[in-house]
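# A closer look at the structure
Each chain is listed here by its residues.
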Amino acid sequence: MSSVRIAPSILSADFARLADDVAIVERAGADAVHVDVMDGHFVPNITIGVPVVKALKRVTKLPLDVHLMISDPDRYLEAFIAAGAAMVTVHVEVLPHLHRTLTRIRELGAKAGAAINPSTPISVLSDVADQLDHVLVMSVNPGFGGQKFIPHSLNKVAALHAWLTSVGSAAIIEVDGGVDLTNANALTRAGASMLVAGASIYATPDPAAATVALRRAADAR
Ligand code: DX5
Ligand code: ZN
């Protein structure tokens, strides 16, 4: 079993010290930086935009994993990818032309991913398997950090993993929301290979130690 990728979510970092907070998890062996973009429309919160992605790109070598929780992602794909997004994740709930959007993300040079909310079935992805580099399973309702993991997400990850395997897809499964030491191992066993963690890393006294501990928990056999 290869090691799970750990992607700390800077939503729970100190926005006044973003470069430092990213450097801490980079030194601790994080694999990506998860950037939550929220528009106050698709989700109730407003967070980060293109200029912050651009600034982060200057201070870290880690791939930027940009999660677009916005109503009109198509309009901003080019800008986020030009700013340095290596992975771009869009929500299926706002996209009537998902195939076109995912194709466009790849054309622009980033990895393309679809995110599904807790109430969205995995079957919405059945005709875009070939366009997916990753699938992001939301294990909380998007909008805020520090929420409680929804247990059903574990079944969803397992079902998604079974389906991706059955269609021969190499897309990886990313899980986002309430991920911590209590569920990381079960998620990995169910088929997740990338774990996003905000509060369980940045809302602790030692984010570096929390990064290492999360990986260890996820990979334990
Ligand atoms: C929630 C965001 C998450 C969030 C996760 O809408 O998509 O990435 O930062 O934070 P935690 O790990 O605290 O649930
Ligand atoms: Zn996210």
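As a starting point, this report considers the structure included with it. Keep in mind it's a predicted model, so treat the numbers as computed, not measured.

The rules behind each value
Residues numbered from 1 in each chain as written. Chains lettered and ligands numbered in written order. Predicted model: local features only at pLDDT ≥ 70, side-chain atom pairs only at ≥ 80, totals over all residues. Heavy atoms only, no water. Near = heavy atom within 4 Å. Polar contact = N/O pair within 3.5 Å; in protein donor to acceptor, adjacent residues only side chain to side chain. Areas by Shrake-Rupley, 256 points an atom, 1.4 Å probe, with all protein chains shown as cover. Helix = DSSP H or I, 4+ residues; strand = E, 2+ residues; numbered from the N terminus. Nonpolar A, V, L, I, M, F, W, Y, C, P; charged D, E, K, R; others polar. Buried < 20%, exposed > 50% of the residue type's maximum accessible area, 1.4 Å probe, protein only. Right-handed = clockwise from strand over helix to strand, strands pointing away. Pairing = 2+ DSSP bridges. Donors = N, O, S within 2.8 Å, 3.2 Å for Na, K, Ca; no water. Tetrahedral: all angles 85-135°; square planar, octahedral: opposite > 155°, others 65-115°. Salt bridge = Lys/Arg side-chain N within 4 Å of Asp/Glu carboxyl O. Core = buried A, V, L, I, M, F, W, Y, C linked by side-chain atoms within 4.5 Å. Contact = heavy atoms within 4.5 Å.

## Remarks on the site of ligand 1
The environment of ligand 1 is made up of 20 residues, and the closest members are Ser9, Asp36, Gly146, Asp176 and Gly198. Here an oxygen atom of ligand 1 sits 2.8 Å away from a polar atom, N or O, in the main chain of Gly143. Backbone polar atom of Gly178 to an oxygen atom of ligand 1: 2.8 Å apart, as the coordinates give it. With the chains in place, 99% of the 380 Å² that ligand 1 exposes on its own is no longer accessible. Among the secondary structure elements, those contributing two or more residues to the shell around ligand 1 are strand E2 (33-38), strand E3 (64-69) and strand E8 (194-197). Per element, the largest residue contribution to the shell around ligand 1 is 3 residues, and it comes from E2. Residue classes in the shell around ligand 1 are distributed as 9 nonpolar, 9 polar and 2 charged.

## Digging into the pairing of strand E4 (residues 85-91)
Of all the 7 residues making up E4, 6 are buried; the element is thus mostly covered by neighbouring parts of the structure. A crossover links E3 with its parallel partner E4, the connecting element being helix H3 (residues 77-83), and its sense is right-handed. In this structure, E4 lies alongside strand E5 (residues 111-116), joined through 5 bridges in parallel fashion. Its bridge partner lying in E5, Thr89 is registered against Gly113. Considered for its hand, the β-α-β crossover made up of E4, helix H4 (residues 98-107) and E5 is right-handed.

## Some details on the coordination of the zinc ion (ligand 2)
Here the zinc ion (ligand 2) is held by the protein donor atoms His34 (NE2), Asp36 (OD), His67 (ND1) and Asp176 (OD), which lie 2.0 to 2.3 Å from it. Every donor counted, the 6 donor atoms about the zinc ion (ligand 2) form angles of 71 to 170 degrees at the centre, which fits octahedral coordination. The class for Asp176 is buried, based on a relative accessible area of 8%.

## Some points on the pattern of salt bridges
Enumeration according to the criterion identifies 6 salt bridges in this entry. Here Asp20 and Arg17 are joined by a salt bridge, their closest N and O atoms 3.6 Å apart. For Arg215, the salt bridge goes to Asp31, with nearest N and O atoms at 2.8 Å. Note that Arg215 is positioned in helix H8 (residues 207-219) and Asp31 in the loop between helix H1 (18-27) and E2, a separation of 184 residues in sequence. Judged by its relative accessible area of 27%, Asp31 falls in the partly exposed class.

## What about the environment of Asp14?
Along the chain, Asp14 falls in the loop between strand E1 (5-8) and H1. Since its relative accessible area comes to 35%, Asp14 is described here as partly exposed. For the pair Asp14 and Ala186, spaced 172 residues apart in sequence, the C-alpha to C-alpha distance is 29 Å. Within the local environment of Asp14, its side chain forms a polar contact with the backbone nitrogen of Ala16, the two atoms lying 2.9 Å apart.

## Some points on the pairing of E5
Among the 6 residues of E5, 5 are classified as buried, and the element is accordingly described as predominantly covered. In terms of strand pairing, E5 meets strand E6 (residues 134-138) through 4 bridges, oriented parallel. By the bridge assignment for E6, Ala115 is matched with Leu136.

## Quick word on the nonpolar core
Note on soluble globular proteins: their nonpolar side chains tend to be buried together. Membership of the largest hydrophobic core comes to 64 residues, with the highest contact counts inside it found for Ile10, Leu125 and Leu195. With near-sequence residues (within four places) excluded, Leu195 lies in contact with Val4, Arg5, Ile6, Ala7, Val175, Val179, Ala184, Leu187, Thr188 and Ala218. Formed by 6 residues, the second largest nonpolar core is a distinct cluster that contains Ala7, Met87, Met194 and Val196.

## Things to note about the side chain of Thr120
You can see Thr120 is positioned in the loop between E5 and E6. Classification of Thr120 by relative accessible area gives buried; the value is 10%. Within the structure, the side chain of Thr120 is placed 2.6 Å from the side chain of Glu93, a separation counted as a polar contact. With near-sequence residues (within four places) excluded, Thr120 lies in contact with Val92, Glu93 and Lys156.

Fair warning: the whole summary comes from geometry, so function is off the table for now.
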